[in-house]
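As a plain string of letters, each chain reads:
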Amino acid sequence: MIFVIIGAILGLAIGQEYRKPCLYGVYGFDTSITYTTSLDEEIEYVLVENQSGCEINLSGLYTNLSTLYTSYNSSFRLHRKELDISLKITCTEGAVGNEIHFNSSLEQSINQSKVQVAVQIVLRGCSLFVNELQVFKNHGRIWSILHTDSIIHPDSDCSSLAELQNLKSRLPCDRNNRSPAVWEARFFWEFCSKPFEGVSDLMLQGCSHEHYEIKHDLLQHLFPNLQTLNLKYVNLTKSLVTFPWTNVYIHSPEAKLITYISSSFASDVKNTSSLERQITISSSDVNISNVKFIGDIYTVRLNSIHLKSLNDNTFRNISGLTRLDLSYNELETINQNLFKMLTNLKYLQLGMNKLTVLHSEVFNWLHNLLRLDLSHNKIKILNQGQFKNLMKLEYLNLESNNITELPDDFLKDQVHSIKKLTLSSNPLEKIPVYPLYAEGIRYIYLEHCRINSSGFQTFIDSLSHNDLHAAYVSADPVSSAILTTGSEFTGYFVQRAVLSLSFNRIENIETLFWKAKKPFLFLDLLYFFYVVLRGNPIDCTCMTQMPYFLIYINLKTVPDATLIPARDNWKCEKPLELKGRLVISVLRDDIYCPISIENCPERCSCFERGTRNTVNKNNKNSSTIIVDCRNINITRLPEKMPSGKLELWFQNTSLTQLTARDYFRNTSVLDASHNRINLIKSTVAVAMANFTSLKLDHNNLTSLPVQIMSTNIRTLTLADNPFICDCHTRWMKPWLRKRTSPVTDWKAIQCSYNRSIVSQLIIVPESFFVCQPTMSISQHIIFPSVVTGCILFVLVSISLLIYFQRFTIKVLLFKHFGIHSFDKQKHDDANMEYDAFVLYSQNDSEFVSKNIIETLIKKGYTVCDLYEDLVVGFTFIDNIEHMVNKSRKIIFTMTNDTLTNNLLMSVWNIAYEKGIDSFTDSVILVLDNEVKSKCENDKLRKYIRSGKFIKKKSNLLQSSILYLMPKHMHIVNDNNLNRVNTDDPAIPMIVKRNNYGNDINSSLVYMSHPEEHDEEIRNTLIPELQINDYDVRIYENAFIPGTDIRDEIDETLEDSEHFIFILSQETLLDDVKMFILSTVISKSVLSNDNYLLLFTSGFIDYSCLPNEIENYLNKYVTASIACPEFKGRLLKALGYRL
């Protein structure tokens, strides 16, 4: 049954000091829940707001437990005289540190049928008193206490905890909480007069910024029978000498439950009545260099304790050790006999140390070892036979070391066991062959190494055809049945493993096949392995066979579905024309090969596209000759060229003019862009009749000959030329507007008129395309000088003054008289989200905020700030494009800092294109004077020349911006605009929540966060999101304990709409969280929305970030939880759609 008690529990004992009753919600008594442990009930009390000094009466709790017990059948009651419950007491934000008192007005009956209750107390955020725990003993016993960020006030009399078996304590660490009780908090058990004989499991955690100090002999005195010890941020005053310090094994009904709570590997929990001994010490100052571990210990974890060495006797007297974790220390060497007695060891982690050399026999006794992690060390050499006795080794990680060469027998003895090998980020030049012969191999990683084409070819030549086939047959006898005898293959091959050689130096992959000693070995490799070459500088020049070869391989192979590789990851890096293209997609017409041919111009290179004499055997000139003269200093086209069909590449060669040549009749392509051509004569245009492609962009052309319309050119580029709007270019306007026009960049073609005004050519009025008539000398001398000489002087002076100050005059009229009859704005779209989108460099934030943003807001305009209003989870570019399209004006502050900011210059190009596409003056440019001389952006330079900008230091800056702004209209921010209400939701006094496990009609949102924010996330942020109908769940709780996250992560993420991840420096050290983040990033990048909402917390060393996360941070919008608008931006991101 399910019930919720909300209100005051008033049953007070007669004569007892009066205390105000606590206001809380009670959740629990759900008999439908099936636990993997032996708990009968989980009950939670949630207190809200500040109620320090209040009292909780437990009478109702024990009454309902008695009723529940009575409802069980007689067989259950016959064998169970005691119920095991977990009582969780949580104080939400505003109530943290409150002193809570307990009372029970219900007297325990003498009747033996009444149930006894064994309680586990879980305390979060509250404070209570040891002497008041007696009320629980009156109704049974307390067997476990777990308290986090809470205080248990001590007392010398701890008799109420005499039967305590499990204790986990984490002190409050909130630096902002100035309460003396928080700053002076200590572990309550230090003040108890008698030892805790029954405690077998102990976990103590201090604060990362200030470690807690404990006397070592005090631990041994108060917990004499300890089996499991876990210390974090705790310093011991004396060296740890031995562990455990007792040979007594604890036997109790709760042993299995304690093991389940304590172990990170739930699958290791056994059906036993005694605890498995474990010791975990992390991020603590504990001297264990001379410690001796004695007896049967299952797990030893010593992380981040600055461990520099261990002697041979450290593990000499230990037995049953299965897991040993020494990662994140400062070990430089390992004694040869350190692991000598650890024959049962299965998991050994030595990563993140400073190991440089491994003794040749250091692993000789680890016959049962399954996983070995040596990553992130400084190992340079591996000895011959280094792993020869690790006959069961399945996973070996040697990533991020300094290994330059592997021994010849590397993993030769593990061909029957090895499943995954990681050698990435080592200066390796050769690929080991024996791992490929392993029948169970699934992944081989050699990424970010120094393997080049020669090393790859040597590797292929060293492969054994028979060993590859033998391994394939052993791994998959069913699939291997498709192989015929001999070297001929039929049917389909299952690529059984991944060989990742990403980000190496492999260039010439086609020669690997044609120049190999045994070409069929390359076939074997691609048949049986999915070879990943992502990020290699693959040269596709003259690659005539490889694309078709890969198509054949794809038709003959099927990747193992469990590997989930990214198919077709081989991409061209060279030549420039094919950069980024998949090798498998390269066509024969895309390929050209270098040739030596007569009349090839000096300093130029000649290539042949296609294969001569193969397409048309009767026509020797069926192929095309490419003449590549790019990036050399040539002012005129050469007089002679090779015979045959020609493609001429003269980009960036300093050409000043084009001259008609005889070889034009055989030329189909001419690229003369990025030169200094200022004139094309009509005779040259006629000679281009057979051209199909002509590129003339980025030159100095002021006009074009009209004869160019009569050519066969199908592709023509003309942008970034200083065309003049006169009678010579008048014919171009209707020609550019035609659908049949070959000009591909017609929108970007501009021309100038009135000597300085630059505008898009197709929108310039017809009246401007005129040429001034030629006047005679007499007209110039007689009429102007005699008739109007004096008058013109005055008129010209006045006109010049008005002309150059025309904008200032209009702004003054607007400022003082409200006249806005000039330059009326056409942006009246009421569906826009913002009136203005303000862009600027962060160094100008104070100036922009004071002079632009605040001015617009005071006038009632809605403003979008580049650094405050972008939606978390979308890319910067998607955000910016959306905001540009949804804003009536784009206000761009251009300073020297802006010119060096690639993102802001990209935004400028987007805003500039919008203005061109919409035929409106949507851009308001605020310009610093120094930008004019330093600007190199062609579009910006032309815009500045047009004079359409406001000087940053102008006294009329604010009035000028308001003058250029359209008439203010009410911007509708509702659901139609995909906006959400970002106001902070009110938190009710009594929190009502749905029962655990029930479906709710809301959007599923997963969250992963650092442990340091657990209190705030669970008690503040999640309830606020739930109020807004978001079903927020802690992602790590979505997995059944003991399962491998990698097996279920994709399935669990499938049904969620968003994933909120808070990244901190602590998170970077958590391999599980980093794996989750990597997977979520991959899913988010492939989606069309902001699936991942990434927030940062505190200081983060960005130099330690993996490339994948660093790339994400550079491309996608993130935010900090320290931002005052954090909750508003989070709610906005959850409900926003671009």
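Residues numbered from 1 in each chain as written. Predicted model: local features only at pLDDT ≥ 70, side-chain atom pairs only at ≥ 80, totals over all residues. Heavy atoms only, no water.

As for the sheet that holds strand β42 (residues 750–753)
One open sheet holds the 3 strands; their spatial order is β41-β42-β43, and the pairing between them is mixed. Looking at strand neighbours, the two that pair on one side only are β41 (723–724) and β43 (757–760), the edges of this open sheet. As paired strands, β41 and β42 are joined by 2 bridges and run parallel to one another. Note that in β42 the partner of Phe723 across the bridge is Cys751. (Pairing = 2+ DSSP bridges. Helix = DSSP H or I, 4+ residues; strand = E, 2+ residues; numbered from the N terminus.)

A look at the state of the cysteines
Throughout this description, disulfide means a covalent bond between two cysteine sulfur atoms. Applying the stated criterion across every chain yields a total of 10 disulfides. With its sulfur 2.0 Å from that of its partner, Cys22 forms a disulfide with Cys54. Negative torsions about the S-S bond denote left-handed disulfides, and the value of about 95° found for Cys22 with Cys54 makes this one right-handed. Placement of Cys22 in the loop between β1 (6–7) and β2 (24–27) and of Cys54 in the loop between β3 (41–47) and β4 (55–57) is noted, with a sequence separation of 32 residues between them. Neither Cys22 nor Cys54 differs from the other in exposure class; each is buried. (Disulfide = S-S within 2.5 Å. Buried < 20%, exposed > 50% of the residue type's maximum accessible area, 1.4 Å probe, protein only.)

Quick word on the packing of aromatic side chains
Counted by the stated rule, this structure contains 29 aromatic pairs. Here the aromatic rings of Phe196 and Phe223 are separated by 5.6 Å at their centres, their planes lie at 15°, and the arrangement is stacked. Of this pair, Phe196 sits in the loop between α4 (180–183) and β12 (201–205) while Phe223 sits in the loop between α5 (216–222) and β14 (228–232), and the two are 27 residues apart along the sequence. Over the ring of Tyr395 we find Arg371, and its NZ or CZ is 4.0 Å from the ring centre. (Phe/Tyr/Trp six-rings, centres within 6.5 Å; stacked < 30°, edge-to-face > 60°. Lys NZ or Arg CZ within 6 Å of the ring centre and 35° of its normal.)

Considerations on the environment of Tyr395
Position of Tyr395 relative to the elements: it lies in strand β25 (residues 395–397). The exposure class assigned to Tyr395 is partly exposed, which follows from its relative accessible area of 22%. When the C-alpha positions of Tyr395 and Leu369 are compared, they lie 9.4 Å apart, and in sequence the two are 26 residues distant. Apart from the residues within four sequence positions on either side, Tyr395 is in contact with Leu370, Arg371, Leu372, Ile418, Lys419 and Lys420. (Contact = heavy atoms within 4.5 Å.)

Considerations on the pairing of β3
Here β3 lies mainly inside the structure; 6 of its 7 residues are buried. Across 4 bridges, the pairing between β2 and β3 is antiparallel. Paired with Gly25 across the strands is Val46, a residue of β3. Inspection of the sheet shows β3 paired to strand β5 (residues 82–91) by 7 bridges, in the parallel sense. Bridge pairing links Val46 to Thr90 in β5.

Quick notes on the nonpolar core
Formed by 157 residues in total, the largest nonpolar core has its most connected members in Phe136, Trp189, Phe339, Phe363, Leu525 and Trp570. Ranked by residues supplied to this core, first place goes to helix α10 (residues 519–528) with 7 residues. Filtering out sequence-adjacent residues up to four positions away, Trp189 remains in contact with Leu167, Phe196, Leu204, Ile214, Leu218, Leu219, Leu222 and Phe223. Judged by nonpolar contacts, the second largest core, of 53 residues, contains Phe837, Tyr912, Tyr943 and Leu1134. (Core = buried A, V, L, I, M, F, W, Y, C linked by side-chain atoms within 4.5 Å.)

Comments concerning the pattern of salt bridges
Counted by the stated rule, this structure contains 23 salt bridges. Residue Arg19 pairs with Glu132 through a salt bridge whose shortest N-O separation is 3.9 Å. One end of the pair, Arg19, is in the loop between β1 and β2; the other, Glu132, is in the loop between β8 (127–129) and α3 (134–137), and 113 residues separate them in sequence. The same class applies to Arg19 as to Glu132, namely buried. Among the ionic pairs, Lys419 bridges to Glu394, the shortest N-O distance being 3.9 Å. With Lys419 in the loop between β25 and β26 (420–422) and Glu394 in the loop between β24 (371–373) and β25, this pair connects stretches of sequence that are 25 residues apart. One continuous salt-bridge network, built from bridges that share partners, spans Asp149, Arg170, Lys232 and Glu1011. (Salt bridge = Lys/Arg side-chain N within 4 Å of Asp/Glu carboxyl O.)

Structural notes on a negative patch on the surface
Together, Asp1050, Glu1051, Glu1054 and Asp1055 line one region of the surface with negative charge. Residue position: Glu1051 is located in helix α25 (residues 1045–1054). The class for Glu1051 is exposed, based on a relative accessible area of 64%. (Patch = residues over 30% accessible without salt bridge, like charges linked within 9 Å, V, L, I, M, F, W, Y side chains within 5 Å. Areas by Shrake-Rupley, 256 points an atom, 1.4 Å probe, with all protein chains shown as cover. Lys, Arg positive; Asp, Glu negative; His and termini not counted. Charge placed at Lys NZ, Arg CZ, Asp CG, Glu CD.)

Some points on the packing of α25 against helix α27 (residues 1071–1086)
Where α25 meets α27, the axes come as close as 11 Å, and the angle between the chain directions of the two elements is 40°. By the criterion of interaxial angle, the relationship of α25 to α27 is oblique. Handedness of the α25/α27 crossing: right-handed. Residues Ile1045, Arg1046, Ile1049, Asp1050 and Leu1053 of α25 form the contact with α27, whose participating residues are Val1072, Phe1075, Ile1076, Thr1079, Val1080 and Lys1083. When grouped by side-chain class, the residues that make up the contact of α25 with α27 number 7 nonpolar, 1 polar and 3 charged. (Axes fitted to C-alpha atoms, helices over the stretch in contact; angles between N-to-C directions. Parallel < 35°, antiparallel > 145°, perpendicular 65-115°, else oblique. Left-handed = near helix turned anticlockwise from the far one by under 90°. Nonpolar A, V, L, I, M, F, W, Y, C, P; charged D, E, K, R; others polar.)

Some remarks on a nonpolar patch on the surface
A contiguous nonpolar surface patch, about 470 Å² in accessible area, is contributed by Phe793, Val794, Ile798, Ile802 and Ile809. Broken down by element, the residue count for the nonpolar patch peaks at 4 residues, all from helix α15 (residues 789–804).

A short note on the sheet that holds strand β51 (residues 1058–1063)
Spatially, 5 strands are ordered β50-β49-β51-β52-β53 in an open sheet, and the strand pairing comes out parallel. What marks the edges here is a single partner per strand, and that holds for β50 (1030–1034) and β53 (1119–1120). Here strand β49 (residues 1003–1008) pairs with β51 via 4 bridges, running parallel. Each bridged residue has a counterpart across the sheet, and for Val1005 the counterpart in β51 is His1058. Of the strands in this sheet, β49, β50 and β51 are in contact with helix α24 (residues 1014–1027), which crosses β50 at around 155°.

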